[in-house]
Amino acid sequence: MMHLFSRRAVMAGLAAVGLVATTIGPALAADKITVGALRFTSHAGGFVAFERGYFTEQGLEVEFKFFQAAQPMAVAIASGDVDFGVTSITAGLVNLADKGAVKVIGGVLQEEKGIDGSAILASSAAYEAGLTSPAQLAGRSLGITQTGSSFHYMASQVAAKEGFAASEISMKPLQKVGAIIGALKSGQIDSMIIVPHIAKPLSKGGAAKIIGWINDYDDYQVTTAFTSAKNAAERPELVKRFLAAYAKGAADFNAAMVDKTKGDAAIEETTRLIHKYVYTSRPYEKAAPSIKNGAMRLQPNLKLNLTNVKKQLAWFQAEGLVDKGIEIDTLVDTQFVETY
């Protein structure tokens, strides 16, 4: 009897272990992905999605990898070091798409009339010397990260609308946003273009003056979501789950910080959440105003302003930064989100 009891106990124990394994198996099967981001308020859709468990709901285990410019992130996607990225379209990204390495899969940050977006700044010294409007940028220096970057594109759109050649602006490639800010503060460059959570504190602190806004010059799809061409072609369900989670985070962000339909408590909660990723070296009380000032519209359901992306591609081609034969389908996979 003792032998029979022991055997039954062992079998019962094994069955219990099997049940536990069956129960926790799916939880352990989450797909691990690395997401490239910048420590900007404009990347908050991903931060909100992570903190509120939206990626987990989609069976994704996310690790963020932070960058200081768009181009290195595109390279990381192409090399497989990062699975998904959110940043602006650059000449480098287009060239990687032409090599079959990356695909744009959705829209994230969009310039919108009535909501403060990317600001055009003049250094205090340049402003005092007469640089008081974007029309006066001809003959002035402007800091950008790299040739073919979003900053280069935006400056060119300003020049075109103001009626002078972009070549009349002295573009200074400084590689990193931090270096551009430092150069503006020290007067080494006359101007820069930057998102509002950076622009407004610089203006308020007296280091620079806001002299214009990009949404007066271009219907700019500022940032997009992208992944490897291999993921888009071979793992479309993974891509859809990533976009669904990110879109849910973006919707929360818009409701709390842009439309402000959730009340003051939601603004406070969301600002504290974002502070875990943005202005982390500052105490919350000093970081909060800048985070709130940086609230720009994130695309609902990550829909893509394809019309503007086509315009960007045409500009890169006209500047000789990418091959003139590249088609929009080479850059964008339109199966995942609504386009317009």
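Since the model is a prediction, treat every value here as computed from it, not as a measurement. (Residues numbered from 1 in each chain as written. Predicted model: local features only at pLDDT ≥ 70, side-chain atom pairs only at ≥ 80, totals over all residues. Heavy atoms only, no water.)

Enquirer: How should the environment of K286 be read in this particular structure?
Expert: Note on placement: K286 falls in helix 13 (residues 284–293). Counting along the chain gives 26 residues from K286 to K260, while the straight-line C-alpha distance between them is 21 Å. (Helix = DSSP H or I, 4+ residues; strand = E, 2+ residues; numbered from the N terminus.)

Enquirer: Which parts of the structure should I look at to understand the environment of F316?
Expert: Here F316 lies in helix 14 (residues 306–318). For F316, a relative accessible area of 0% translates into the label buried. In sequence terms F316 and G148 are 168 residues apart; their C-alpha atoms lie 7.1 Å from each other. If sequence neighbours within four positions are ignored, F316 has contacts with I89, T90, A91, V94, G148, L321 and V322. (Buried < 20%, exposed > 50% of the residue type's maximum accessible area, 1.4 Å probe, protein only. Contact = heavy atoms within 4.5 Å.)

Enquirer: Explanation requested: empty space enclosed by the protein in the structure shown.
Expert: Summary: where empty space remains is shown by rolling a probe the size of a single water molecule over the atoms. Tallying each qualifying case throughout the model produces one cavity of 30 Å³ or more. Considering only enclosed or pocket space, the largest cavity measures out at about 210 Å³ in volume. Looking at the lining of the largest cavity, the elements with two or more residues in it are helix 7 (150–162) and strand 8 (191–194). Per-element accounting of the lining of the largest cavity gives the leading share, three residues, to helix 7. (1 Å grid on protein atoms, 1.4 Å probe; cavity = no way out; pocket = protein on both sides within 12 Å on 5 of 7 lines; lining within 4 Å. Points joined across faces, edges and corners; volume = space filled by probe spheres on them.)

Enquirer: Looking at this structure, how should I read the pattern of salt bridges?
Expert: As a working rule, side chains carrying opposite charge can pair if their charged atoms are close by. If you walk through the whole model with that rule in mind, you get 13 salt bridges. Linking E112 and R297 is a salt bridge whose minimum nitrogen-to-oxygen distance equals 3.0 Å. A residue pair is termed long-range when its members are at least 10 positions apart, and E112 in the loop between strand 4 (102–107) and strand 5 (119–123) and R297 in the loop between helix 13 and helix 14 qualify at 185 residues. Across the pair E268 and R272 runs a salt bridge, and its minimum N-O distance is 3.0 Å. On the criterion of helical spacing, the pair formed by E268 and R272 is a turn pair, its members being four residues apart in helix 12 (residues 264–275). The class for R272 is partly exposed, based on a relative accessible area of 43%. One continuous salt-bridge network, built from bridges that share partners, spans D31, R235 and R241. (Salt bridge = Lys/Arg side-chain N within 4 Å of Asp/Glu carboxyl O.)

Enquirer: In this structure, what is going on with the side chain of S123? I would like to understand it.
Expert: Tracing the backbone through its elements, the reader meets S123 in strand 5. Its relative accessible area of 2% is what places S123 among the buried residues. With near-sequence residues (within four places) excluded, S123 lies in contact with L184, I189, D190, A207 and A208.

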